[in-house]
Amino acid sequence: MSTTKKRVAVIGLGTAGSMSAWRLAARGAEVVGYEQFGIAHDRSAHAGESRIFRTAYFEDPEYVPLLRTAKSLWRELEGETGTELLALRGNLMLGDSSSQMGNVSDSIDKFGVDASVIPIEEARHRWPHHPFHEGDVVVLDREAGYLRPELAVLQAAARAQSLGAQLRTYTPVEGIEAKDDGVWVTAAGHSERYDHVVVTTGPWAAKLLPELAGLVDVRKAVSAWFVAKERGAFDPANFPCFIRTAPEEYYGLPAMDGNGLKLGLSGTVNRPVPDPDALDRTVPIDEVQAFRELVAQSFPALYPDPVRVAAYMEGYTPDGHGIVGPLGGGERLTVVTGLSGHGFKLAPALGEIAADYVLNGSSHNTIPLLSPERFLAVPTSSTNQHH
Ligand SMILES: Cc1cc2nc3c(=O)[nH]c(=O)nc-3n(C[C@H](O)[C@H](O)[C@H](O)COP(=O)(O)OP(=O)(O)OC[C@H]3O[C@@H](n4cnc5c(N)ncnc54)[C@H](O)[C@@H]3O)c2cc1C
């Protein structure tokens, strides 16, 4: 058996990249990571203080085993770094009896997710500052809560480094080229050979891999933070995260300072970003007004003017599921991208899948919903150029 380590480049050390670097280094690969900015920078898709983790999954129950793999890897990363990253304080799924709530109940029925329907009167009593409508279906998912994304990315990258990974920050990759002897990565005018390359460039995916243009639609996503009129009204210890799918679409999390909420509107209002290098990070007043109206109508316990607004980016695929797996290059190119607004919680499991493909050529952790083949023929020719 060969004892030579596989030499692997991970391009883009954000959400999927930091986790891929960690899992690959933990499983014995020689890892070199490239990041165009610093680790956990604020232009990434993971910026903005918090992300929801949930298991009663309205996107598709097929995700539940993957979510459980992700949860155990989050716990592993916490244990290895001595940092709390995932607080399981619950998530409320709110909607009517539409098909998406059907996916939530299927997740519970098929996989025994620890979640249950809460009668409206009980919900009003338990969370008096939350708006509940007549006809709402309220599901409390107890295998849910929030993650600290910047901290998580920093810790995964640091852990990868302590396992031997070399991370090159402020080093944008300019091109990837698969040849007979390996995959060549060019950065700062210099090319290096690798056995395998993992591309985790998030909203920038189509810049390096032009075949993803039209498959990863980059959109601007705005978050807004609101302060509670009464201190403690939205204390993260007893106020769960929430996602409402009907009649309006919005989501929220307790603010991490414990004194208010962070809110986001449905992805359908997110404006297109023609060039991720030129994201306009200002939030126009009509977008602020949309939040203001929501809060004035639905959350009277908050001051209606946001104290902070921020614009981020995310890449969305046509069917709302990520693209995770081999992408040609003589089977030496793996991609994790297009995470479509719900990829953070899954990130360590996606890193594990990337490591499976690199080290074993296949993955028993992945799910068909994420297969690149649903969009792209996956060539196995040994010459394939990407710039
Ligand atoms: C506002 C908002 C709220 C969200 N809420 C949730 C939530 O509650 N729960 C959830 O699970 N998910 C949520 N998501 C989705 C989740 O955050 C994303 O799916 C995830 O962060 C995407 O990760 P990524 O690795 O694809 O991109 P990123 O984290 O952005 O990483 C890509 C990295 O690649 C680097 N890069 C790009 N090009 C190059 C290059 N040529 N060379 C070197 N480096 C390069 C970038 O600088 C960046 O660091 C949310 C997303 C947004 C925007």
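These figures come from a predicted structure and were not determined experimentally.

Trainee: Where do I start with the overall build of the protein chain in this structure?
Mentor: Across its full length, the protein chain holds eight helices and 21 strands. Relative to its length of 387 residues, the protein chain is compact, with a C-alpha radius of gyration of 21 Å against a globular reference of 21 Å. Projecting the C-alpha coordinates of the protein chain onto the three principal axes gives extents of approximately 65 × 45 × 40 Å. Evaluated residue by residue, the protein chain yields a buried proportion of 57% over its 387 residues. Of all intrachain contacts in the protein chain linking residues separated by at least 6 positions in sequence, the fraction that spans at least 24 positions is 75%. Entry remark: accessible area of the protein chain is about 15,300 Å², with carbon and sulfur atoms responsible for 50%. Between the centroid of the 35 positive side chains of the protein chain and the centroid of its 48 negative side chains there is a distance of 4 Å.

Trainee: What's the story with the sheet that holds strand β13 (residues 196–199) in this structure? I'm lost.
Mentor: Strands pair in a sheet through their backbones, by hydrogen bonds, and they do so in one of two ways: parallel or antiparallel. Read across the open sheet, the six strands follow the order β9-β2-β1-β13-β20-β19; overall the sheet is mixed. At either end of the open sheet lies a strand with only one pairing partner, and these are β9 (166–168) and β19 (323–326). The sheet shows a mean angle of 15 degrees between the axes of neighbouring strands, direction not considered. Note: strand β2 (residues 30–34) against β9, three bridges, orientation parallel. Bridging across to β9, Gly33 finds its partner in Leu167.

Trainee: Even after reading the chapter, I still don't get the site of the ligand, so can you show me in this structure?
Mentor: Contacts to the ligand come from 35 residues, most closely from Thr15, Glu35, Ile52, Glu314 and Lys345. One of the side-chain nitrogen or oxygen atoms of Thr15 is found 2.7 Å away from an oxygen atom of the ligand. Here Ile52 contributes a backbone N or O atom positioned 2.7 Å from an oxygen atom of the ligand. For the ligand, whose accessible area on its own is 1,000 Å², the fraction buried by protein is 96%. When residues of the shell around the ligand are traced back to their parent elements, those giving at least two are α1 (15–26), β3 (51–53), β14 (217–227) and β18 (308–316). It is β18 that contributes the most residues to the shell around the ligand, three residues altogether. Here the residues of the shell around the ligand sort into 16 nonpolar, 15 polar and four charged.

Trainee: I keep staring at the sheet that holds strand β15 (residues 241–244) and nothing clicks. Help me out?
Mentor: Reading across the sheet, the eight strands line up as β6-β7-β5-β15-β16-β17-β14-β18 and stay open at both edges, with mixed pairing between neighbours. Only two strands of the sheet have a single partner each, and these edge strands are β6 (115–117) and β18. Ignoring which end each strand starts from, the neighbouring axes of this sheet average 20 degrees apart. Strands β14, β16 (250–254), β17 (260–265) and β18 of the sheet are contacted by helix α7 (residues 285–298), whose axis makes an angle of about 125 degrees with β17.

Trainee: Would you mind going over the nonpolar core with me for this structure?
Mentor: Generally speaking, soluble globular proteins have nonpolar side chains that are buried together. Core analysis: the biggest nonpolar cluster contains 48 residues, and Met19, Leu24, Val31, Tyr63, Leu66, Trp74 and Leu350 have the highest contact counts within it. Of all the secondary structure elements, the ones that give two or more residues to this core are β1 (7–11), α1, α2 (64–81), α5 (149–162) and α8 (347–360). If you tally residues by element for this core, the top one is α8, at eight residues. If you look at the next biggest cluster of nonpolar residues, it comprises 30 residues, including Phe132, Phe239, Leu294 and Ala311.

Cut-offs and rules
- Residues numbered from 1 in each chain as written.
- Predicted model: local features only at pLDDT ≥ 70, side-chain atom pairs only at ≥ 80, totals over all residues.
- Heavy atoms only, no water.
- Helix = DSSP H or I, 4+ residues; strand = E, 2+ residues; numbered from the N terminus.
- Rg over C-alpha atoms; globule rule 2.2 N^0.38 Å.
- Buried < 20%, exposed > 50% of the residue type's maximum accessible area, 1.4 Å probe, protein only.
- Contact = heavy atoms within 4.5 Å.
- Areas by Shrake-Rupley, 256 points an atom, 1.4 Å probe, with all protein chains shown as cover.
- Lys, Arg positive; Asp, Glu negative; His and termini not counted.
- Charge placed at Lys NZ, Arg CZ, Asp CG, Glu CD.
- Pairing = 2+ DSSP bridges.
- Axes fitted to C-alpha atoms, helices over the stretch in contact; angles between N-to-C directions.
- Near = heavy atom within 4 Å.
- Polar contact = N/O pair within 3.5 Å; in protein donor to acceptor, adjacent residues only side chain to side chain.
- Nonpolar A, V, L, I, M, F, W, Y, C, P; charged D, E, K, R; others polar.
- Core = buried A, V, L, I, M, F, W, Y, C linked by side-chain atoms within 4.5 Å.

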